[in-house]
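Report on the structure
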Amino acid sequence: MWSLFLKEIDTFFNHLTGYLLLTAFLIALGLVVWVFPETGVLEYGFADLEALFVYTPFVFVFLVPAITMRMIAEERKSGTWELLITSPLKISHIILAKYFAALALIVLSLLPTLIYYYSIVQLGDPIGNIDSAGFFGSFIGLVFIGAVFAAFGIFSSALTDNQITAFVIGVFIGFLFYFGLSAMATLQSNKAAYFLEELSLSYHYESLGRGVIDSSNLIYFLSLIGSLLVLTGIIIKRR
Amino acid sequence: MSLEVKELTKLYKDQKVLDQISFQADSGQILGFLGPNGAGKSTTMKIASGYILPDEGDVVINGISVLEYPKAVSRMIGYLPENNPLYLDMYVKEFLGFIASLYRLKASSSKKQIAEIIGRCGLEAEQHKKIGQLSKGYRQRVGLAKALVHDPQVIILDEPTTGLDPNQLVEIRKLIKDISTDKTLVLSTHIMQEVEAICEKVVIINKGEIVVQDLLQNLKTEKGLTSLFLETEEPLDEEWFRNIEGINRINMLQSNHLEFLTFNVAQLRREILTVVQEKNLSLLNLRQQEKNLESIFHQLTQSR
């Protein structure tokens, strides 16, 4: 399993697309946090990284499916899937290895944003005047959002042999769960609205961002990821 | 060491691709699995390797069922799929190392094993190249090396020689012959010469059913009739030869050219010459042709 995990990471960095994706991601975030006047911290005047946490999920909706789209679809198309399935690896191990590889890449892409935190700590007046709990809560929230999107991505990659289709499906599901459900909630009356709101990713993400790591949020994320991976396994076995 | 296919049936939608097929391959034996395209060869091999599940039946490797213990069986099988899928952006040695780690070979033994396999498959000069840069023949060798790297006892090769040039063909066949000495080897192909060159046992499948399975030698001698061709200057009459015993069939090719099908060539040749003398014909040609596997294959797979 470990060797498959390493192989996935290796493949990602073996292609120019891998570097391009990470560069595009970091440039987009850098522009949003530091340069664009509407969102930039410098214009805003408060030692706060809210812009980072508000806009990253927008980028993630596209970035994560781009990372995961080829993981299963491409192997099926090129036939190497047959190598994996006929090896002693269990299907669950294959899925987990690929999932954790995607997750590791997402965390890796988030790590440079810790520099932003350090910069803001230094820029604050007095130095260190920042809501650290809020930052790390949000950061953990971002990792979870990435983790859920990765599960969406692996799931959609298992649905089809075509990378592009997998990408589009991944973006669609991510969009639906992050923005769609809470948008629908605003159209509904009390009870349905509450239910939809609770289902949406953004609701749980925002509550982590308040700096309180609540077990109900963690359970929500973990069970969503777990059920998606189980579903992926079922789809693979049926095809 | 054996591979036993037991009453396999496989349906794709409503179409029966395999219909209750059974055969067995034993240790030290190369079994040629023949059939026209779409006969169900690859499906059988995919089931044996654990890639797809049958609707009925089972494949038993060394007494262990593929259906019940697919992962235990996968360690005993070396499988080369039809289109030879490889990770094209890996280096040859890296790829084999990756495969060895999937099969959980210990690092120390895997290094030795990989070096040995690379030598055996003639990949020394190519081991530090990317697989994507290799020619088809070398890719095929990498595929074979992949199938052998965990030292399996049963080897399944699905059309290992398609698309190779004549030199590569000979080399790969030799390689296959070399590795088969102490292993069970099943090889699918539709190239008859290949089977005649390296296989001991033949299973011919057509439209999902086994039409014949026997040792190659038996097929060529007993079941394969021999053709005898007679050509004379004068026109011939089939009736002259009706009374001769041991003729299975007479074909009129031209007015002065006949084909006799028989099991007993020596006897028939004498009898025919007697007739030629009696009728005072001037003989142009009398030659025999052994039935080869190709004609047996045509006979068995076309008439249906």
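The sections below set out a description of the structure shown in this document. One numbering rule holds for all chains: residues counted from 1, following each sequence as written. Starting at A for chains and at 1 for ligands, labels are handed out in the order in which the entities are written. Only residues with pLDDT of 70 or above have their local features reported here, since the model is predicted, and side-chain atom pairs are shown and tallied only from 80 upward, although totals for entire chains, interfaces and linings are computed over all residues.

1. A word on the nonpolar core
Put simply, the rule is: Linking buried Ala, Val, Leu, Ile, Met, Phe, Trp, Tyr and Cys residues through C-beta atoms within 7 Å yields a set, and such a set is a nonpolar core. Partly exposed residues are those whose C-beta has more than 12 but fewer than 20 other C-beta atoms within 10 Å; 20 or more makes a residue buried and 12 or fewer makes it exposed, with C-beta atoms placed from the backbone. Helix numbering and strand numbering both begin at the N terminus, where a helix is a DSSP run of H or I of at least 4 residues and a strand a DSSP run of E of at least 2. Note on contacts: each residue gets a C-beta atom placed from the backbone, and two residues are in contact if those atoms are within 7 Å.
Grouped together as the largest cluster of nonpolar side chains are 130 residues, with contacts concentrated most on Ala-102, Val-148, Ala-150, Ala-151 and Ile-154 of chain A together with Ala-145 of chain B. No other element matches the 14 residues that helix 8 (residues 132-159) of chain A contributes to this core. Once residues within four sequence positions are removed from consideration, Val-148 of chain A is found in contact with Leu-201, Phe-221, Leu-224 and Ile-225 of chain A. Within the second largest apolar cluster, seven residues are counted, among which are Leu-228, Leu-230, Leu-258 and Ile-272 of chain B.

2. As for the packing of helix 8 of chain A against helix 12 (residues 215-238) of chain A
Residues and elements named next belong to chain A. To keep things clear, this is the line we draw: An axis is simply a line fitted to the C-alpha atoms; with a helix, the fit covers only the stretch in contact. Between two such axes, the angle follows the N-to-C directions and lies from 0 to 180 degrees. Here the angle decides the label: under 35 degrees means roughly parallel, over 145 means roughly antiparallel, 65 to 115 means roughly perpendicular, and every other value means oblique. Crossings are classed by handedness, with left-handed meaning an anticlockwise turn of the near helix from the far one by less than a right angle and right-handed meaning a clockwise turn. Any residue that is not Ala, Val, Leu, Ile, Met, Phe, Trp, Tyr, Cys, Pro, Asp, Glu, Lys or Arg is counted as polar, Gly included; the first ten are nonpolar and the last four charged.
Taken N-terminus to C-terminus, the directions of helix 8 and helix 12 make an angle of 10 degrees; their axes are 9 Å apart at the nearest point. As judged from the angle between their axes, helix 8 and helix 12 are roughly parallel. Considering only the axes of helix 8 and helix 12, their crossing is left-handed. Where helix 8 approaches helix 12, its residues Phe-144, Ala-147, Val-148, Ala-151, Phe-152, Ile-154, Phe-155, Ala-158 and Leu-159 are matched on the opposing element by Phe-221, Leu-224, Ile-225, Leu-228, Leu-229, Leu-231, Thr-232, Ile-235 and Ile-236. Taken together, the residues of the contact of helix 8 with helix 12 sort by class into 17 nonpolar, one polar and no charged.

3. Description of the environment of His-257 of chain B
All names here are of chain B. Inspection of the secondary structure assignment puts His-257 in strand 13 (residues 257-262). The exposure class assigned to His-257 is partly exposed, which follows from the 16 C-beta atoms found within 10 Å. It is 36 Å that separates the C-alpha atoms of His-257 and Ala-39, two residues lying 218 residues apart in sequence.

4. Overview of the packing of helix 3 (residues 92-102) of chain B against helix 5 (residues 136-148) of chain B
Geometrically, a packed helix pair is captured by the angle between its two axes and the distance between the axes. All names here are of chain B. Interaxial distance between helix 3 and helix 5 falls to 9 Å at its minimum, and their mutual angle equals 25 degrees. As summarised for this structure, helix 3 and helix 5 are arranged roughly parallel, according to the angle between their axes. Judged by the sense of rotation from one axis to the other, the crossing of helix 3 with helix 5 is right-handed. Between helix 3, through Val-92, Phe-95, Leu-96 and Ile-99, and helix 5, the contact on the second element is made entirely by Val-142, Ala-145 and Lys-146. Partitioned by chemical class, the residues of the contact of helix 3 with helix 5 number six nonpolar, no polar and one charged.

5. Points about the sheet that holds strand 13 of chain B
Each strand in a sheet pairs with another by means of backbone hydrogen bonds, the pair being arranged parallel or else antiparallel. All names here are of chain B. Stated formally: Strands qualify as paired when DSSP identifies two bridges or more between them.
Read across the open sheet, the four strands follow the order 12-13-11-14; overall the sheet is antiparallel. With one partner strand each, in any of the chains shown, strand 12 (247-254) and strand 14 (283-289) form the two edges of the open sheet. When the angles between neighbouring strand axes are averaged without regard to direction, this sheet yields 15 degrees. Direction of pairing for strand 11 (residues 226-232) relative to strand 14: antiparallel, over a ladder of six bridges. Counterpart to Glu-231 in the pairing with strand 14 is Asn-285. Packing against the sheet, helix 9 (residues 265-278) makes contact with strand 11, strand 12, strand 13 and strand 14, and its axis sits at approximately 15 degrees to strand 11.

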